[in-house]
Amino acid sequence: MGIAVNNHKTAAIPKAKGGNRTLTKEQLKSFFLRHDTNHDNHLSRKELRQAFDELGAFSSYYRAARGLSHADADKDGLIGMGELDDLVNYAYKLGYTVHH
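Residues numbered from 1 in each chain as written. Predicted model: local features only at pLDDT ≥ 70, side-chain atom pairs only at ≥ 80, totals over all residues. Heavy atoms only, no water.

> Please explain the overall build of the protein chain as it appears in this structure.
Across its full length, the protein chain carries 4 helices and 4 strands. Moving toward the C terminus, one meets the helices and strands of the protein chain in the order β-α-β-α-α-β-α-β. Per-residue burial for the protein chain yields a buried fraction of 37% across its 100 residues. Accessible surface computed for the protein chain: about 5,900 Å², of which carbon and sulfur atoms make up 52%. (Helix = DSSP H or I, 4+ residues; strand = E, 2+ residues; numbered from the N terminus. Buried < 20%, exposed > 50% of the residue type's maximum accessible area, 1.4 Å probe, protein only. Areas by Shrake-Rupley, 256 points an atom, 1.4 Å probe, with all protein chains shown as cover.)

Quick look at the structure:
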């Protein structure tokens with residue numbers, strides 16, 4: 001079963017409303033992993049921007065920068081697989097939702 005998230009034209013909804021439910025940490029992790037488009041086991045700023053845009057972030061540039069700030073422990077400008085849980089925790093606190 002696929003996940004349908006907020007489209008890129010809507011701001012992220014902080015709390016589940018109506019027919020929406022908040023993404024779980026496992027769903028967010030899977031979602032971010034699918035955005036590793038070059039399959040190098042790292043998420044670049046561009047890949048993060050695309051992910052946050054698809055999640056419906058008002059400013060995907062800002063969310064990608066904040067995600068890097070929260071999760072990029074080694075400061076290499078990439079989110080490695082060992083840093084992914086910190087990115088997921090950051091995104092989870094923002095309360096992205098699934099439309100059913």
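> Quick question: what am I supposed to make of the nonpolar core here?
When a protein is soluble and globular, its nonpolar side chains tend to lie buried together. Residues F32, L48, F52, L55, I79 and L87 are the most contacted members of the largest nonpolar core, which totals 20 residues. Looking at this core, the elements with two or more residues in it are α1 (25-34), α2 (45-55), α3 (60-71) and α4 (84-94). No other element matches the 5 residues that α4 contributes to this core. (Core = buried A, V, L, I, M, F, W, Y, C linked by side-chain atoms within 4.5 Å.)

> Before we go on, may I ask you to explain the packing of α3 against α4 in this structure?
Two quantities define a packed helix pair, namely the angle between the axes and the distance from one axis to the other. Taken N-terminus to C-terminus, the directions of α3 and α4 make an angle of 130 degrees; their axes are 8 Å apart at the nearest point. The angle between α3 and α4 falls in the class oblique. For the pair α3 and α4, the crossing hand works out as right-handed. Across from R63, R66, G67, H70 and A71 in α3, the residues of α4 making contact are D86, L87, Y90 and L94. (Axes fitted to C-alpha atoms, helices over the stretch in contact; angles between N-to-C directions. Parallel < 35°, antiparallel > 145°, perpendicular 65-115°, else oblique. Left-handed = near helix turned anticlockwise from the far one by under 90°. Contact = heavy atoms within 4.5 Å.)

> How should I be thinking about unusual backbone geometry in this particular structure?
Trans peptide bonds make up the majority, and among non-glycine residues the majority have a negative phi. The phi dihedral of H39 falls on the positive side, at around 55 degrees, and the residue is not glycine. Mapped onto the secondary structure, H39 falls in the loop between α1 and β2 (42-43). With relative accessibility at 67%, the residue H39 sits in the exposed group. In this model, K75 sits at a positive phi of 55 degrees, which is unusual for a non-glycine residue. Summarising the element assignment, K75 is placed in the loop between α3 and β3 (79-80).

> Would you mind going over the confidence of the model for the protein chain with me for this structure?
Low-confidence regions, as indicated by low pLDDT, have predicted coordinates that should not be scrutinised in detail. Within the protein chain, residue pLDDT values average 84, and 78% of them lie at 70 or more. Predicted confidence is poor over residues 6-17, with pLDDT under 50, and the contacts of this stretch with residues over four places away or in other chains come to 27 contacts. (pLDDT = per-residue confidence, 0-100.)

> Explain the pattern of salt bridges to me, please; I cannot follow it from the model alone.
When the charged atoms of two side chains lie near each other, side chains of opposite charge can form a pair. Under the definition given, this model contains 1 salt bridge. The residue K29 makes a salt bridge to D85 at a minimum N-O spacing of 3.4 Å. With K29 in helix α1 and D85 in helix α4, this pair connects stretches of sequence that are 56 residues apart. By relative accessible area, which is 33% here, K29 ends up partly exposed. (Salt bridge = Lys/Arg side-chain N within 4 Å of Asp/Glu carboxyl O.)

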